[in-house]
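In case you want the letters, here they are:
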Protein chains: 2
Amino acid sequence: MVKLNTNENPYPPSPRILELCRNMDWGQLRLYPDPAAKVLTDALAAYHGLLPEQVFAGVGSDDVLAMAFLTFFHSSAPILFPDITYSFYPVWADLFQIPYERPRLAEDFSIVPSDYFGVNGGIIFPNPNAPTGCAMGLEQIREIMDHNRDVVVIVDEAYVDFGAVSALPLLKEYDNLLIVRTYSKSRSMAGMRIGYALGNPRLIGYLNDVKYSFNSYTLNLPSIYLGAEVLKDETYFQETLRKIVETREWVQRELRALGFIFRDSSTNFIFARHRSCPALKLFHALRKKHIYVRHFDQDRIREYLRITVGTREEMETLIDFLKQFLDAD
Amino acid sequence: MVKLNTNENPYPPSPRILELCRNMDWGQLRLYPDPAAKVLTDALAAYHGLLPEQVFAGVGSDDVLAMAFLTFFHSSAPILFPDITYSFYPVWADLFQIPYERPRLAEDFSIVPSDYFGVNGGIIFPNPNAPTGCAMGLEQIREIMDHNRDVVVIVDEAYVDFGAVSALPLLKEYDNLLIVRTYSKSRSMAGMRIGYALGNPRLIGYLNDVKYSFNSYTLNLPSIYLGAEVLKDETYFQETLRKIVETREWVQRELRALGFIFRDSSTNFIFARHRSCPALKLFHALRKKHIYVRHFDQDRIREYLRITVGTREEMETLIDFLKQFLDAD
């Protein structure tokens, strides 16, 4: 089986994790974890050069994002997010009865900053966007921030480490900016469920207030300790990123040679259509060979497949199959 | 420091946990965990003699309870829970705008079943109740169930393993009964954040629907595997319970001899007042000696302290101090 459908990291987390797991005092499990997850939020603050009170941690970025929707999106004006983006945004908006509008991405799947200048109740977009894989530059994000001083703007940076520019430098300038990150992609720890938000201490304080009104203890002991530990191994982290980016560049060349059309990816996945072969035909043919990719049955992107960048070996299996299949087709 | 304020288990979890942690394939962390946590829910179903579809798992019983409030309590009629009970019930009710009424416990802190016979939008109570430590018998729970066939009745069995009778046998008779359990007390795994609900497959299905609308992946990989593993060591579990109950019986005798007044506990804590010394005076004197117990600044129970049953050594430290202090007082 080649699993290229959920954008997981093909490499295990830093070996420091295994070391820590073997040596951790698991007897401590009898005690409640620190509700503030201070070991983790302190480590994240130091890693990003921020204050500990600028960091909020949750059970994966889904938990952090859902809480941010609940905490910050209250206006009768609609919140704004792209028509093609992370599928959970409309789910949470519906759940919390938050009105929303979805500005249309440009034909090349770019986010158009001026679409976000009107009256709104808040803004959220991923950078790079998913499932398109396209990144915005810092100047465009700044444009959006400059036109939105009175609402919370959330930049979901789930995939930022794979090649986009982070909005982190803007935190000093904009107290209404919230950046959300996850350990599930670049950090190779999807199984651990760790996500976090970075922002002004006031925003982080509000998130904590809402969190404590549901459940004081969300992150468990292993999440807190392993999440902090993995930040210490920058060399391994950068090496993992380098390998994924290298594989991605190779796969992009191969896919283009095979007639696939797509914009360069800034993520660990490629969002591509084929110039002649229908997406669903490819999807089913791949599945038959136990190669799993993602298809979205959604307007504008029905002809696309989202293909996670796995190991070089996995991607060779994919490319070899596509060569044969498209040749025979 | 002697920490007797959060009802944690003084004993570490089964040594099988340490074994599993040392041998687990932590490289798996790169993958998302099973959103259904099937390894855990299957193990719990087998342990309790139920079907897997009768089990819902969450991030501690707080997560499970909050989701149950959101899922099942929608009526304009008030939900009912005791005036003295777990402090998070009114918090969730307020958060989700659920109307509620709080029938008064009897003077001896018993729950009066007939208080729960009127029109209501649902019922929740812990058995044994917290912080009172008093348990209800199965016949009284049955009475409440018989008068409430059209609303969901939640029995929060966080402390049931320490000496109360579980409502589990009633699941066969009542499809509107939901039982909630936690790994944080008897299972010595507060640090792991595992809670679960047992009930009719239809109720469990509704809980899953709500869960998936927030966050598909709530339980992380270690929670799923360690949570299942610990169920295999019944001998260690029973031995831990036996030690806690034995210590509790000893402490109860000692406290009574010192002039404390309380009903026999069915939990791992004792909820007691002193016949002459004010609770806050004791609370502060204990804190000065780094012995931490819990005080509730709440009507009817201001003169009480909630004292967790720790190890025999910890409880001897407590009793020795109280002897001296009350003697000098």
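Residues numbered from 1 in each chain as written. Chains lettered and ligands numbered in written order. Predicted model: local features only at pLDDT ≥ 70, side-chain atom pairs only at ≥ 80, totals over all residues. Heavy atoms only, no water.

Peer 1: Would you take a moment to explain the interface of chain B and chain A for this structure?
Peer 2: Reports of interface size often rely on the accessible area that becomes lost once the parts have come together. Facing the 48 residues of chain B at the interface are 48 residues of chain A. Summing the contributions of chain B and of chain A, the shared interface buries around 3800 Å²; its carbon and sulfur component is 60%. Taken as a group, R30, Y32 and F214 of chain B account for 19% of the area that chain B buries against chain A, more than any other trio of residues on that side. Taken together, chain B and chain A are joined by zero salt bridges. For the side of chain B that touches chain A, the secondary structure elements donating two or more residues are helix 1 (15–23), helix 3 (60–72), helix 4 (88–95), helix 6 (201–214) and helix 7 (221–229) of chain B. (Contact = heavy atoms within 4.5 Å. Buried area = accessible area lost by both parts, 1.4 Å probe. Salt bridge = Lys/Arg side-chain N within 4 Å of Asp/Glu carboxyl O. Helix = DSSP H or I, 4+ residues; strand = E, 2+ residues; numbered from the N terminus.)

Peer 1: How should I be thinking about the packing of helix 1 of chain B against helix 7 of chain B in this particular structure?
Peer 2: Axis angle and axis distance: for two packed helices, these are the angle between their axes and the distance between the axes, and together they describe the pair. All names here are of chain B. The contact between helix 1 and helix 7 brings their axes to 9 Å, and the two run at 140°. Between helix 1 and helix 7, the interaxial angle falls into the category oblique. In this structure, helix 1 meets helix 7 at a crossing whose hand is right-handed. Contacts between helix 1 and helix 7 pair R16, I17, L20 and C21 from the former with Y225, L226 and E229 from the latter. Residues that form the contact of helix 1 with helix 7 fall into these classes: five nonpolar, no polar and two charged. (Axes fitted to C-alpha atoms, helices over the stretch in contact; angles between N-to-C directions. Parallel < 35°, antiparallel > 145°, perpendicular 65-115°, else oblique. Left-handed = near helix turned anticlockwise from the far one by under 90°. Nonpolar A, V, L, I, M, F, W, Y, C, P; charged D, E, K, R; others polar.)

Peer 1: Hey, could you run me through the sheet that holds strand 12 (residues 294–295) of chain B in this one?
Peer 2: Strand pairs in the sheet, formed through backbone hydrogen bonds, run parallel or antiparallel to each other. All names here are of chain B. In space, the four strands of this open sheet follow the order 9-10-13-12, with antiparallel pairing throughout. A strand with exactly one partner marks an edge of an open sheet, and here the two such strands are strand 9 (260–261) and strand 12. As defined by bridge partners, strand 12 adjoins strand 13 (residues 305–308) across two bridges and the pair is classed as antiparallel. What sits directly across from H295, in strand 13, is L305. Packed onto the sheet, helix 10 (residues 312–328) meets strand 9, strand 10 (269–274) and strand 13 and runs at close to 145° relative to strand 13. (Pairing = 2+ DSSP bridges.)

Peer 1: Looking at this structure, how should I read the sheet that holds strand 12 (residues 294–295) of chain A?
Peer 2: Residue and element names in this part refer to chain A. Strand order across the open sheet formed by four strands is 9-10-13-12, with antiparallel pairing between neighbours. Pairing within the sheet leaves two strands with one partner each, and these edge strands are strand 9 (260–261) and strand 12. Bridge count between strand 12 and strand 13 (residues 304–308): two bridges; the pairing is antiparallel. Residue pairing in the sheet places H295 in a bridge with L305 of strand 13. Relative to the sheet, helix 8 (residues 234–257) contacts strand 9, strand 10 (269–274) and strand 13, its axis offset from that of strand 10 by approximately 0°.

Peer 1: For this particular structure, what's the right way to read the side chain of S223 of chain A?
Peer 2: Within the secondary structure layout, S223 of chain A lies in helix 7 (residues 221–229). Note on S223 of chain A: relative accessible area 1%, which makes it buried. A polar side-chain atom of S223 of chain A sits 3.0 Å from a polar atom in the side chain of N220 of chain B. With near-sequence residues (within four places) excluded, S223 of chain A lies in contact with L40, M192, R193 and I194 of chain A together with N220 of chain B. (Buried < 20%, exposed > 50% of the residue type's maximum accessible area, 1.4 Å probe, protein only. Polar contact = N/O pair within 3.5 Å; in protein donor to acceptor, adjacent residues only side chain to side chain.)

That's the geometry; what it means functionally is another story.
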